[in-house]
Each structure stands twice: as structure tokens, then as C-alpha cells.
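Residues per chain are reported as follows:
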Amino acid sequence: MRRNFDITFVILIVILALSAFRHGDFADPMDWLMSELMMLPGIIIGLAFHEFAHAKVAYKLGDPTPKMQGRVTINPLAHIDPVGLAALLFVGFGWGVPVQINPSNFRHRRRDELMVALAGVTMNLIIAIVFAIIAKVLYMTAGAVFLSSGVGSILWLMIMYVIQINLVLMIFNLIPCPPLDGFSIISEIFNIKHTEFYWTLYRYGNWILIALIIFGITGMIISPCVQFFMSVLNNFIF
């Protein structure tokens, strides 16, 4: 995600929290807490590396802004928004600290903005693949018996969460709706930044995104895509 925290997200978080309570997501606090702890490494890795990728590519393409703001690092503290992280843990929707760029520093502005937009989702895919390789090596060396009991099962579950969460972040951010990266990608590919259509979508993007989430459209996009990639990676692992 590429835009700062907005009051519209507060509204969405409240709606999602009420929905979670209504569906009994917090009925067993200990079970919920353990599940969130298992997912936490995947969330932190996914958000931190996603934003790092934006910053690194922008810096490499000639924009010193991310470097000056201390964003060209994999240190999660530079990228994690505490409120966004808490929201992600409690209601399944959150954000990191968006990387600020100055496109006027780019030599080939349209191409370079496209590469910066693609960097985050590409990094999430790379992380998913890397952890799938780690899972395969672990499965081949430690064996199914170790991975199905005790410490091994916890480790395995955490690795699977890293893979799944990074796939979710990749697909979610590819949705062509502002403030997501997918909108920036589409805007640069079709060169629509100079059109009224672009600015209308940009102006109301947060509200559009809220509607997509509340009415389950994002879930209809994300679920089958993640299932497809997970099936491909599972075939590789096993």
C-alpha cells in the first residue's frame, strides 16, 4: 500500500472488528493469540520487505528520498506502522509505512515509477518462493515425523504462514484500486495519469477499496489466486 493512514481506514477497521466479533473470531482468546503469534513473523517479513523493495528500487533509479528517510533497509522498525500492524493482527487488514518518492528525480519517469510500483509485489513473490525452498529442504532433511510434532510442527506452520501471507500481500496489492500498487502499475502501463478518470479514482480510492473489502470482492479475487499459487508451491515442496 502506498498512501498514508486515512480516516477512511478507521471506518473500515471498526466495521471489520465488529464483523469479527459477530462471527466469534475472538471467542477463544488463547487460540486466537497463538494463531496470531504464528502469523506474526510472516506479517513482519512481508510488510518490511515489501516497503524495502519500493525504497531500494526508487533509490537505485536515482531518487535519494527513501535513502534520506532511512527506508533503504530491511529493518522492520523502519517500515512497520504500529497501528497498521495491530489492525492487521486484529481484523486482517493493515498497512506498513508507505515509502515516499519524488518521481522528478527519475531519469525515465513513467518506466521508473512502474518499476517502483512492481517492486513490492515482486518481493512478496520472491519471499514466498524462497520460503517454499526452505520448506522443501526442511521436509527432505528433517522428515515428516519431526515436522508433525512439537517444535517441528510450530516451525512448519510458521513457514507456511510466511508463504501464504506474502502471497496474500502480493495479490491484494495487485488489485487495480488506489491506494494499492496495482493502480500505480495500471496507471503507468496505460499512461492515464493525465486523465480525469485517473484523478477521480485516486480521489475516491479509499472509499472504493472499503466497498470492495466489505462486499467481499477482494476475497473473491485473493482466495482463488492464493490457492493457485499455494498448490503450485505445495507440488514443489512435496
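First, a word on what this report is: a plain description of the structure on this page. None of the values given here were measured: they were computed from a predicted structure. (Residues numbered from 1 in each chain as written. Predicted model: local features only at pLDDT ≥ 70, side-chain atom pairs only at ≥ 80, totals over all residues. Heavy atoms only, no water.)

### Some words on a nonpolar patch on the surface
Right, so step 1: Residues Ile11, Ile15, Tyr204, Trp207, Ile214, Phe215, Ile217, Met220 and Ile221 make up a contiguous nonpolar surface patch of about 880 Å² in total accessible area.
Right, so step 2: When residues of the nonpolar patch are traced back to their parent elements, those giving at least two are α1 (7-22), α9 (205-214) and α10 (217-237).
Right, so step 3: Counting residues per element, the nonpolar patch draws most heavily on α10, which supplies 3 residues.
Right, so step 4: For Trp207, a relative accessible area of 44% gives the class partly exposed. (Patch = residues over 30% accessible without salt bridge, like charges linked within 9 Å, V, L, I, M, F, W, Y side chains within 5 Å. Areas by Shrake-Rupley, 256 points an atom, 1.4 Å probe, with all protein chains shown as cover. Salt bridge = Lys/Arg side-chain N within 4 Å of Asp/Glu carboxyl O. Helix = DSSP H or I, 4+ residues; strand = E, 2+ residues; numbered from the N terminus. Buried < 20%, exposed > 50% of the residue type's maximum accessible area, 1.4 Å probe, protein only.)

### Side note on the packing of helix α2 (residues 29-60) against helix α4 (residues 82-91)
Right, so step 1: One can describe the packing of α2 onto α4 by two numbers: an axis separation of 10 Å at closest approach and a directional angle of 135°. Here α2 is positioned oblique relative to α4, judged by the angle of their axes. Every pair of crossing elements has a handedness; the one defined by α2 and α4 is right-handed. Across the interface between the two elements, Trp32, Glu36, Leu40, Ile43 and Leu47 of α2 pack against Leu85, Leu88, Leu89 and Phe90 of α4.
Right, so step 2: When the residues that make up the contact of α2 with α4 are grouped by side-chain class, the tally is 8 nonpolar, no polar and 1 charged. (Axes fitted to C-alpha atoms, helices over the stretch in contact; angles between N-to-C directions. Parallel < 35°, antiparallel > 145°, perpendicular 65-115°, else oblique. Left-handed = near helix turned anticlockwise from the far one by under 90°. Contact = heavy atoms within 4.5 Å. Nonpolar A, V, L, I, M, F, W, Y, C, P; charged D, E, K, R; others polar.)

### Comments concerning the packing of aromatic side chains
Two measures describe an aromatic ring pair: the distance that separates the ring centres and the angle between the ring planes.
Right, so step 1: Inspection of every chain in the model, using the stated rule, returns 12 aromatic pairs.
Right, so step 2: Measuring from centroid to centroid gives 6.2 Å for Phe93 and Phe172, while their planes differ by 80°, and the two rings are edge-to-face. Linking Phe93 in the loop between α4 and α5 (109-147) with Phe172 in helix α6 (residues 150-174), this pair joins segments that are 79 residues apart in sequence.
Right, so step 3: Between Tyr198 and Tyr202, the ring centres sit 5.9 Å apart and the planes meet at 20°, which makes this aromatic pair stacked. Highlighted residues: Tyr198 and Tyr202, both in helix α8 (residues 196-203), separated by 4 residues, approximately one helical turn.
Right, so step 4: Lying over the aromatic face of Tyr59, Lys67 brings its terminal NZ or CZ to 5.6 Å of the ring centre.
Right, so step 5: In this structure, Lys136 packs its charged tip against the face of Phe236, placed 5.1 Å from the ring centre. (Phe/Tyr/Trp six-rings, centres within 6.5 Å; stacked < 30°, edge-to-face > 60°. Lys NZ or Arg CZ within 6 Å of the ring centre and 35° of its normal.)

### A word on the pattern of salt bridges
Right, so step 1: Across all of its chains, the model carries 4 salt bridges by this definition.
Right, so step 2: Measuring nitrogen to oxygen at the nearest pair gives 3.3 Å for the salt bridge that ties Arg109 to Glu113. Of the two residues, Arg109 and Glu113 both sit in helix α5, 4 residues apart, roughly one turn of that helix.
Right, so step 3: Arg109 sits in the partly exposed class, given a relative accessible area of 46%.
Right, so step 4: For Lys193, the salt bridge is made with Glu113, and the minimal N-O distance between the two is 2.7 Å. Pair noted here: Lys193 is in the loop between α7 (181-189) and α8 and Glu113 is in helix α5, with a separation of 80 residues, a long-range link.

### Some words on the packing of α5 against α10
Right, so step 1: Relative orientation of the contacting elements α5 and α10 amounts to 30°, with a least axis distance of 9 Å. Overall, the two elements α5 and α10 adopt an arrangement that is roughly parallel. As for the relative orientation of α5 and α10, their crossing is right-handed in sense. Judged by residue contacts, Ala128, Ala132, Ile133, Ala135, Lys136 and Tyr139 of α5 engage Leu233, Phe236 and Ile237 from α10.
Right, so step 2: In terms of residue class, the contact of α5 with α10 is made up of 8 nonpolar, no polar and 1 charged.

### Remarks on the state of the cysteines
Right, so step 1: Scanning the model with the defined rule gives 0 disulfides in all.
Right, so step 2: With no disulfide of its own, Cys177 lies 16 Å from the sulfur of Cys225, the closest cysteine sulfur.
Right, so step 3: Residue Cys177 is classed as buried on the basis of its relative accessible area of 5%.
Right, so step 4: Judged by its relative accessible area of 30%, Cys225 is partly exposed. (Disulfide = S-S within 2.5 Å.)

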